[in-house]
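Each chain, written out:
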Amino acid sequence: MELPPGLVYIFGHLPRVLISSTSTYIGLYILQDRQVLPNLPSWAPIVVAILAWPIIFIAHRYNTLWANKRAAAANGATIAPFVNKSPLAIISEVVETIRNGYPGEVVLRWTKEYGNVVQFDLFTSTATFEIRTDASVKMIVDEPEHVKAVLATQFDSFAKGEMWKFHRAMTRPFFTRERISDFEIYDRNWDLSLKLAKERIEEGHSIDIQDLVSRFTLDSATEFLFGASVGSLSAGIPYPPAHIESNTPSFYNHPSTKFVKAFTEGLILAAVRTGLGREWPLVEFGHDKITPLRKVMDEFTDPLMKMALAKREQDLADGIESKDKEEMTLLAHLVNHTQGQIIYTTTGFIELINPVDPKMLKDELINLLVAGRDTTMCLLTFAIYMLAEHPDIEKRLRQEIFDKVGPTDGPKYEQMRDMKYTRAFLNEVLRLYPPVPADSRTTTRPVVLPPARKGQKPIFIPKDTTCLYTVINIHRRTDLWGPDVDSTNAALTFDPDRFLDDRVQKYLVPNPFIFCPFNAGPRICLGQQFAYHEATYYLVRLLQHFTEFTLDQLSNLPPPEQWKSGDALVAAEKIRPTSHLTMYIKGGLWVRMKELKTNEA
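Conventions and cut-offs
- Residues numbered from 1 in each chain as written.
- Predicted model: local features only at pLDDT ≥ 70, side-chain atom pairs only at ≥ 80, totals over all residues.
- Heavy atoms only, no water.
- UniProt positions renumbered as here; feature names shortened; annotations may be inferred.
- Helix = DSSP H or I, 4+ residues; strand = E, 2+ residues; numbered from the N terminus.
- Buried < 20%, exposed > 50% of the residue type's maximum accessible area, 1.4 Å probe, protein only.
- Contact = heavy atoms within 4.5 Å.
- Areas by Shrake-Rupley, 256 points an atom, 1.4 Å probe, with all protein chains shown as cover.
- pLDDT = per-residue confidence, 0-100.
- Patch = residues over 30% accessible without salt bridge, like charges linked within 9 Å, V, L, I, M, F, W, Y side chains within 5 Å.
- Salt bridge = Lys/Arg side-chain N within 4 Å of Asp/Glu carboxyl O.
- Pairing = 2+ DSSP bridges.
- Axes fitted to C-alpha atoms, helices over the stretch in contact; angles between N-to-C directions.

Labelled according to an unreviewed UniProt entry, the protein chain appears under the name Cytochrome P450, originating from Psilocybe cyanescens. Here the protein chain is described in UniProt, under the heading Cofactor (unreviewed entry), as follows: "heme".

See the structure below:
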């Protein structure tokens with residue numbers, strides 16, 4: 001029986017608390033007995049013993065801060081300022097932003113007040129006797145020069161061991177040009193989504209585009225990665241909130257609908273746990289809230305995993321070695337090429353013990369589904385949101401599509417490569433609405449970040465410090481993106497031409513780390529081109545069939561009133577962007593659109 005998180009937390013901390021308290025009490029008793037200390041009231045040693053651990057913890061904290069300042073000075077560097085708020089206030093702000101705020105909002109407030117490099121302390125500790133105070137300190141590094149150091153120039157100081165290299169080597173062969181240019185998968189799933197969209201339009205209802213494209217990307221991803229579509233499009237799409245009673249039981253009960261609901265709730269809870277720090281078990285004291293959601297997700301992934309494992313066993317029984325056959329799916333590749341593998345490192349080697357353990361495969365499947373479904377879903381959802389907000393851009397995109405592809409044919413790889421404005425449009429969506437709005441790395445050794453600007457000092461970062469960079473805030477900084485052609489509010493204007501005109505050479509080429517929706521360096525996203533291809537394909541087909549995209553304001557969840565006091569872009573939002581690991585629109589993106597008639601085309 002698995003213990004609830006609260007008890008695990010208490011039992012994990014109890015030994016060090018008891019050791020420190022007991023040692024203190026015994027020490028006081030001995031000192032009094034030897035008359036080193038005067039006799040104290042009977043209650044005094046008990047009180048001091050109870051307070052021993054907090055006193056040790058705080059003393060160690062200040063000693064660590066002092067040691068870090070000395071180390072910084074020795075390296076000619078400085079320590080980043082701290083957010084001047086209590087840990088409870090910081091945690092409250094972070095959790096509130098996750099639940100109801102705008103993505104990156106709390107970090108933006110802090111960087112405006114303290115600068116683009118700032119620390120915040122959750123004042124937490126580990127569940128071991130060792131006191132690692134730096135593990136509770138998080139650092140925001142929202143300077144492109146520092147992001148460059150984290151992702152590229154000082155990558156080895158932020159690496160996450162050797163396992164990422166193994167997984168990357170395993171998945172790389174499945175993102176070759178030949179594989180990601182297999183558009184037949186997109187075509188099959190597009191036809192299904194087209195049918196659903198047309199049926200709903202004929203009924204006179206708006207469409208939750210976010211739900212529609214999430215089903216398209218889920219089915220495409222599972223077919224590409226695992227060799228079989230989970231058929232989420234067969235469940236249908238939801239009716240608007242005013243007509244929710246029209247949703248059928250088969251829609252709610254479809255395995256993919258249950259999976260997506262559990263998956264989204266799980267990611268939100270995981271984000272909240274991150275905001276709470278290491279003390280999150282105290283909020284889920286009696287039961288783990290993610291465990292039942294994970295069971296729902298496992299019910300969805302189990303058939304995929306069992307199918308791959310059964311095929312492997314059959315191949316072994318038939319005497320077929322993996323090297324003797326062409327493997328067509330990533331899942332089959334993972335199953336067949338991890339057995340007995342040994343990863344060698346500079347200090348020795350790591351042997352994978354039972355690497356086809358079902359839990360490992362389940363975790364890998366979930367990671368792949370996040371990468372294959374959520375990121376492209378985000379890109380397409382916000383792309384259509386921008387089409388609804390910018391009809392002139394819709395016309396320009398369609399013109400390029402008709403010029404390069406035609407009004408009816410599906411796009412080919414060579415045609416996509418020539419669609420410059422479409423790529424610029426997608427880049428501008430990625431800039432303002434990056435699928436992963438924030439990311440982080442943890443230092444594996446003390447690090448000195450270079451000065452972000454002339455006249456500034458380097459920044460010292462201790463070992464075990466989590467460095468957070470908010471991609472969405474960097475992408476929207478007016479000091480990095482320069483003035484738009486007709487506006488002084490540069491970064492807050494949606495303008496695809498910034499990726500085509502002289503602003504590319506002026507701002508982006510000299511400083512490429514101002515734009516990193518797919519990360520950069522050795523761990524740059526392997527699926528970058530896959531995402532561009534999938535999104536471009538869907539966008540081409542969408543604009544060949546539909547026009548006049550408008551928001552259904554009665555169905556879309558309105559932004560909170562306080563957003564009107566935000567910057568120009570936040571204040572103008574007509575929907576509610578939010579995020580867990582990736583960005584999405586709370587309540588969906590409900591859009592009306594019209595079929596594009598032959599004479600209109």
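Still more ground to cover, so stick around.
Give me the lowdown on the overall build of the protein chain, citing residues and values where you can.
Tallying secondary structure elements over the protein chain gives 22 helices and 13 strands in all. Out of the 601 residues belonging to the protein chain, those deemed buried represent 51%. For the protein chain, restricting intrachain contacts to residue pairs at least 6 apart in sequence, the fraction spanning at least 24 positions comes to 75%. Put simply, the protein chain shows about 28300 Å² of open surface, and 58% of that area lies on carbon and sulfur atoms.

Outline the confidence of the model for the protein chain, supporting the account with residue identities and numerical values.
This prediction gives the protein chain a mean pLDDT of 84; 87% of its residues lie at or above 70. Within the model, pLDDT remains below 50 along residues 125-134, and this stretch shows 29 contacts once partners closer than five positions in the same chain are excluded. With pLDDT under 50 throughout, residues 340-354 is counted as low confidence; its partners more than four residues away or in other chains account for 20 contacts.

Explain a nonpolar patch on the surface to me, using residue names and the numbers behind them.
Taken together, the side chains of Tyr25, Ile26, Tyr29, Ile30, Trp43, Ile46, Val47, Ile50, Leu51 and Ile55 present a nonpolar region at the surface, about 1000 Å² in accessible area. Going through the elements one at a time, helix H1 (5-33) and helix H2 (43-74) are the ones with two or more residues in the nonpolar patch. Take the nonpolar patch: its biggest share by element is six residues, from H2.

Residue-level account of the sheet that holds strand E13 (residues 590-595), with values.
Neighbouring strands of a sheet are bound in pairs by backbone hydrogen bonds; such pairs are parallel or else antiparallel. Spatial ordering of the open sheet is given by E3-E13-E10, a layout of three strands whose pairing is antiparallel. Two strands lie at the open edges of the sheet, namely strand E3 (207-208) and strand E10 (546-551), each paired on one side alone. Bridge count for E10 against E13 is four bridges, and the pairing is antiparallel. Across the sheet, Leu551 pairs through a bridge with Val591, a residue of E13. Contacting E10 and E13, helix H21 (residues 528-545) runs over the sheet at an angle of about 100° to E10.

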